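Chain residues, written in single-letter form:
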Amino acid sequence: MNASPFKFASRLRCALLLTAAVLIPFSVGGCSLLVMGGKMLFGNPKVDASFKTQTGVDLTEGEKSLLVVCRSPHLILNEAPTFEYDLTDGLLRRLKQKGVNVVSPDKVSRWLDDNGGEFDDVKELARDFDADFIAVVDVQTVRFFEENSKDMLKGHAQGTIRVHETTMIGGKRTAYEAFRSGFSMDHPRFRPVSIHEMSPHAFQRQFIDTLTRQIARQFHDYQTTDEF
């Protein structure tokens, strides 16, 4: 008697899982094999952006504009003087690739220069920019070396993302908080990298690129397989 289509599909899934379990330990591309197997069995699941989930606004539709400001501890600027610029540039580049309508970073930089590089209240930005949302990324903790080591590179960053929605009240534009989220990232996740394998400068660039990807995902949907 021929097996039913349901039984055949179940056997096929089992065979694929067993094959992956056997081959992954011996394959340099084990993660890629696991991803391929996962796609075959379960498709390519999508994770909705936290911002969209909390506010109901999909910024990737391009209908709403977003102004982004990144801030970091002054001490890190001694070790990585362009950290804030690189973080902002990388974040905006990723957001624009996903269709987010972002305010010109040059205009924001000029505004910050004219106001001493700082602001006490997001409402100051709201008054001077015609943006629907203002995101302030505060990186409160950041390091590029493993703790108590100057030879092993292992980055860590922790901070908060606050997004304010702007609105007109009494003929003046103001803002109120619409979204808040924390982030914490270690790179690489497991084994640190020796400075003999990679220069600290190259590592910093790689670390910032990974950090911008994680922060950007707060604002756009992404596939779970992108984690590998």
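Treat the numbers as computed from the prediction; the structure is a model and nothing was measured.

About the cut-offs
Starting afresh in each chain, residues are numbered from 1 along the sequence in its written order. The model is predicted, so local features are restricted to residues of pLDDT at least 70 and side-chain atom pairs to those at 80 or more, both for listing and for counting; the totals for chains, interfaces and linings are taken over all residues. Each side-chain value is worked out from all heavy atoms of the structure, with water and hydrogens disregarded. Exposure classes here rest on a 1.4 Å probe applied to the protein chains alone. A residue is buried below 20% of its type maximum, exposed above 50%, and partly exposed in between. Each helix is a run of H or I in the DSSP string that is no shorter than four residues. Each strand is a run of E no shorter than two, and both are numbered from the N terminus. The arc under discussion is defined with respect to the helix axis, by the directions toward the C-beta atoms. Whether two residues are in contact is decided by their heavy atoms, any of which lying within 4.5 Å being enough. Whether two strands pair comes down to DSSP finding at least two bridges between them. In this analysis, axes come from line fits to C-alpha atoms, helices being fitted only over the stretch in contact, and the angle between any two N-to-C directions falls in the range 0 to 180 degrees. Should an angle fall under 35 degrees it is called roughly parallel, over 145 degrees roughly antiparallel, and 65 to 115 degrees roughly perpendicular, with every other angle called oblique. Crossing handedness is read from the near helix: turned anticlockwise from the far helix by less than a right angle, it gives a left-handed crossing, and turned clockwise, a right-handed one. By the convention adopted, Pro, Cys, Tyr, Trp, Phe, Met, Ile, Leu, Val and Ala count as nonpolar, Lys, Arg, Asp and Glu as charged, and the other residues, Gly among them, as polar.

A. Layout of helix H6 (residues 105-114). All of the buried residues in H6 are Val-108, Trp-111 and Leu-112. Along the long axis of H6, the arc covered by the buried residues comes to 100 degrees, so they all point the same way. Residues of H6 that are exposed and angled more than 90 degrees away from the buried face: Asp-106, Asp-113 and Asp-114. Against strand E2 (65-71) and helix H7 (122-128) lie the buried residues of H6. Once H6 ends, the next one or two residues include Gly-116, with phi positive near 75 degrees.

B. Focus on the pairing of strand E5 (residues 152-169). The pairing of strand E4 (residues 133-145) with E5 spans eleven bridges and is classified as antiparallel. Each bridged residue has a counterpart across the sheet, and for Val-137 the counterpart in E5 is Ile-161. Between E4 and E5, which follow one another and run antiparallel, lie six residues, and Asn-148 among them has a positive phi close to 60 degrees. Pairing analysis gives two bridges linking E5 to strand E7 (residues 193-194), with the strands arranged antiparallel. Of the residues in E7, the one forming a bridge with Met-152 is Ser-194. With 15 bridges connecting them, E5 and strand E6 (residues 172-187) associate as antiparallel partners. Bridging across to E6, Gln-158 finds its partner in Ser-184. Counting the residues that bridge the hairpin from E5 to E6 gives two residues, and of these Gly-170 lies at a positive phi of roughly 60 degrees.

C. Here's a closer look at the packing of helix H5 (residues 83-97) against helix H8 (residues 200-216). Packing of H5 against H8 brings their axes to within 9 Å, and their N-to-C directions diverge by 50 degrees. If you check the angle between H5 and H8, you find them oblique. Of the two elements, H5 crosses H8, and the hand of that crossing is right-handed. Packed against H5, whose contacting residues are Phe-83, Asp-86, Leu-87, Gly-90, Leu-91, Arg-94 and Leu-95, the element H8 presents Ile-208, Asp-209, Leu-211, Thr-212, Arg-213, Ile-215 and Ala-216 at the interface. Counted by class, the contact of H5 with H8 contains eight nonpolar, two polar and four charged residues.

By themselves these figures say nothing about function.
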